[in-house]
Amino acid sequence: MKVNKANLSTKDLLSLQDINARQITLVLKLARVLKKKTKCPRSRELLRGKIVGMIFQKPSTRTRVSFEAGIYQMGGNAVSLNYNDIQLSRGESIEDTARTLSLYLDCIMARVYDHTDVQKLANFANIPVINGLSDSFHPCQALADLLTISEYKGQLKGLNLAWIGDGNNVCNDLLLGCAKTGINMTVACPKNYRPRDELIQLAKYEAELTSAKVMVVEDPIIAAKDADVIVTDTFLSIGKENESDVREPIFLFKYQVNRELMKLTKRDAIFMHCLPVNRGKEVTSEVIDGNSSVVWSEAENRMHVQKAILLLLMKPNISL
Ligand code: CP
Ligand code: NVA
């Protein structure tokens, strides 16, 4: 498929709030082209001379390596900036850090705790800023998930997706992504672990435009019934480790994706998880290592969608 004069029309990508259905389709389309052309010599020219800085306040395997590998594959350079190695950790302001990095780099990818930190970076940087996960959102993951679903299901609109477990950062952007692309999403989570009401309302508003449904329930059985896609994530996101005594009994009791829950889904349902996984907690080994699991394609697709995002933000009007 050919992508002509593509333009994302946004400076930054901090959450799927920043892009509409057309822009999501564009990212997925370009990601598919780039995935096919991973080894094509012309791909190695796409980011020639461009430098991307990657700030990590939290640990990461997939985000770090898939960004870095994707940037190198397109001929660009990646500078990894561990939080403790830069002056930000000694109190230099985000504003001054953003202004300084804008003098040297062409793009910043940042993984932070507080979402307002990545918003501040974006406001004060005059180069694109990509959220590589904050406590509130994980847009690159949601886009990789949509790409993966489209590959396995051949469509997005009209599918039923069940989110089982914590209404967390990954869930938030997936809610917006599903609503904007016409996927019916049901979140099954304990009462006190729902996505924020404001976010649910926003997803419902977006879903009206695509005739999709957004539901938040407590019972995972309701969500799993007739699902085409079943998704979960850790009960203990980064920074929540000290809540394990409270969270584990609540989640483990009812919100584990296991063979019984998978039996309620459609026969050809796929299982997804952004990783890292705690086998035996949010999902059994049998499910994540079983035939319905597409977690490795999902992880691979992180790189392809991120390459598309980088290109669209750094090289507006690119034609491939
Ligand atoms: N899924 C994901 O973002 O993984 P990392 O935390 O390893 O980057
Ligand atoms: N919800 C998880 C996702 C990790 C990729 C976390 O924030 O730790």
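Refer to the structure above for everything that follows.
Residues take numbers from 1 onward in each chain, read along the sequence in its written order. Each chain gets a letter, beginning with A, and each ligand a number, beginning with 1, in the order they are written. Two thresholds apply to this predicted model, a pLDDT of at least 70 for residue-level local features and 80 or more for giving and counting side-chain atom pairs, whereas whole-chain, interface and lining totals are computed over all residues. To get the side-chain values, all heavy atoms of the structure are used, and hydrogens and water are removed first.

*Asks:* What should I look at first to understand the overall build of the chain in this one?
*Replies:* Helix numbering and strand numbering both begin at the N terminus, where a helix is a DSSP run of H or I of at least 4 residues and a strand a DSSP run of E of at least 2. Summing up its helical and strand segments, the chain has 12 helices and 9 strands in all. A compact globule built from 320 residues would reach a C-alpha radius of gyration of about 20 Å, and the chain, at 19 Å, matches this within 12%. Seen along its three principal axes, the alpha-carbon backbone of the chain occupies a region of about 55 × 45 × 35 Å. Burial here depends on accessible area, computed with a 1.4 Å probe over protein chains only, as a share of the maximum for the residue type. Under 20% is buried, over 50% is exposed, and the range in between is partly exposed. Expressed as a percentage of the 320 residues in the chain, the buried residues total 57%. Long-range pairs, those at least 24 residues apart, make up 76% of the contacts in the chain between residues at least 6 apart in sequence. Taken as a whole, the chain presents about 13800 Å² of accessible surface, with 49% of it coming from carbon and sulfur. Only four residue types enter the tally: Lys and Arg on the positive side, Asp and Glu on the negative side, with His and both chain ends excluded. Note on charges: their place is set at NZ of Lys, CZ of Arg, CG of Asp or CD of Glu. Side-chain charges of the chain comprise 42 positive and 36 negative groups, with the mean position of each set lying 8 Å from the other. The quantity called the radius of gyration is restricted to C-alpha atoms. Its globule counterpart is 2.2 Å times the number of residues to the power 0.38. Here, residues are in contact when the closest pair of their heavy atoms is within 4.5 Å. Using a 1.4 Å probe, the Shrake-Rupley method yields the accessible areas, and only the shown protein chains count as cover for residues.

*Asks:* How do you make sense of the sheet that holds strand β7 (residues 214-217) when you look at a structure like this?
*Replies:* Backbone hydrogen bonds are what pair the strands of a sheet, in a parallel or an antiparallel way. Reading across the sheet, the 5 strands line up as β7-β6-β5-β8-β9 and stay open at both edges, with parallel pairing between neighbours. Because the sheet does not close on itself, it has two edges, and the strands there are β7 and β9 (270-273). Averaged over all pairs of adjacent strands, the angle between strand axes in this sheet comes to 20°, irrespective of strand direction. For two strands to pair, DSSP has to find at least two bridges joining them. Where strand β5 (residues 160-164) and strand β6 (residues 184-188) come together, 5 bridges link them in parallel fashion. Each bridged residue has a counterpart across the sheet, and for Ala-162 the counterpart in β6 is Thr-186. In this analysis, axes come from line fits to C-alpha atoms, helices being fitted only over the stretch in contact, and the angle between any two N-to-C directions falls in the range 0 to 180 degrees.

*Asks:* Would you mind showing me how to read the side chain of Asn-301 here?
*Replies:* Examined against the element boundaries, Asn-301 turns out to sit in helix α12 (residues 295-314). Judged by its relative accessible area of 0%, Asn-301 is buried. If we skip the residues at most four places from it in the chain, Asn-301 touches Lys-35, Ala-144, Leu-147, Thr-148 and Glu-151.

*Asks:* What's the story with unusual backbone geometry in this structure? I'm lost.
*Replies:* Note the cis peptide between Leu-275 and Pro-276, where omega equals 5°. As for its placement among the helices and strands, Pro-276 is situated in the loop between β9 and α11 (285-288). The phi angle at Ser-9 is positive, at roughly 50°, despite the residue not being glycine. As for its position among the elements, Ser-9 is in the segment before α1 (21-36). If you check the backbone angles, Ser-211 has positive phi at about 60° while not being a glycine. Relative to the elements of secondary structure, Ser-211 occurs in the loop between α7 (197-210) and β7.

*Asks:* Mind showing me how you'd approach the sheet that holds strand β4 (residues 129-131) here?
*Replies:* Pairing is parallel across the open sheet formed by 4 strands, whose spatial order is β2-β1-β3-β4. At either end of the open sheet lies a strand with only one pairing partner, and these are β2 (77-82) and β4. Going from strand to strand, the sheet's axes swing by 20° on average, the running direction of each strand aside.

*Asks:* Help me understand the site of ligand 2, please; the structure alone is not making it clear to me.
*Replies:* Around ligand 2 sit Leu-133, Asn-168, Asn-169, Val-170, Asp-233, Ser-237, Ile-238, Cys-274 and Leu-275, and those are all the residues in its vicinity. Residues adjacent in sequence count toward polar contacts only when both atoms are side-chain atoms; beyond that, a polar contact is any pair of N or O atoms within 3.5 Å, and within protein one must be able to donate a hydrogen and the other to accept it. Asn-168 is positioned with one of its side-chain polar atoms (N or O) 3.3 Å from a nitrogen atom of ligand 2. Interatomic distance of 2.8 Å between a backbone N/O atom of Ile-238 and an oxygen atom of ligand 2. When the free accessible area of ligand 2 is taken as 260 Å², the share hidden by the protein chains comes to 93%. Here the shell around ligand 2 is composed, by residue class, of 5 nonpolar, 3 polar and 1 charged. Nearness is defined per residue: one heavy atom within 4 Å of the molecule or strand is enough. Here the term charged refers only to Asp, Glu, Lys and Arg, the term nonpolar to Ala, Val, Leu, Ile, Met, Phe, Trp, Tyr, Cys and Pro, and the term polar to all other amino acids, Gly among them.

*Asks:* Is there a simple way to explain the pattern of salt bridges in this structure?
*Replies:* Any two side chains of opposite charge can pair, so long as their charged atoms come close to each other. Within this document, salt bridges are pairs made up of a side-chain nitrogen of Lys or Arg and a carboxyl oxygen of Asp or Glu, the two lying within 4 Å of each other. According to the stated counting rule, one finds 14 salt bridges in the structure shown. Arg-247 is the partner of Asp-166 in a salt bridge, and the nearest nitrogen-oxygen pair spans 2.9 Å. Of this pair, Asp-166 sits in the loop between β5 and α6 (169-181) while Arg-247 sits in helix α9 (residues 244-254), and the two are 81 residues apart along the sequence. In this pair, the class of Asp-166 matches that of Arg-247, namely buried.

*Asks:* Is there a simple way to explain the packing of aromatic side chains in this structure?
*Replies:* Remark: the centre distance and the inter-plane angle together describe each pair of aromatic rings, the angle taken between the planes. Only Phe, Tyr and Trp rings are paired, with Trp represented by its six-membered ring, and only when their centres lie within 6.5 Å; those with planes under 30 degrees apart are stacked, over 60 edge-to-face, the remainder tilted. Evaluated as defined, the whole model comprises 3 aromatic pairs. For the pair Phe-235 and Phe-251, a centre-to-centre distance of 5.0 Å together with 20° between the ring planes defines the contact as stacked. With Phe-235 in the loop between β8 (229-232) and α9 and Phe-251 in helix α9, the pair connects residues that are 16 residues apart, well separated along the chain. The buried category is assigned to Phe-235, whose relative accessible area is 2%. The class for Phe-251 is buried, based on a relative accessible area of 0%. An aromatic cluster is present here, built from Tyr-193, Phe-235, Phe-251 and Tyr-255 joined pairwise through their rings. Cation placement over rings: the criterion is NZ of Lys or CZ of Arg within 6 Å of the ring centroid and within 35° of the ring normal. A cation over an aromatic ring shows up here: Arg-64 above the ring of Phe-56, its NZ or CZ 4.3 Å from the ring centre.

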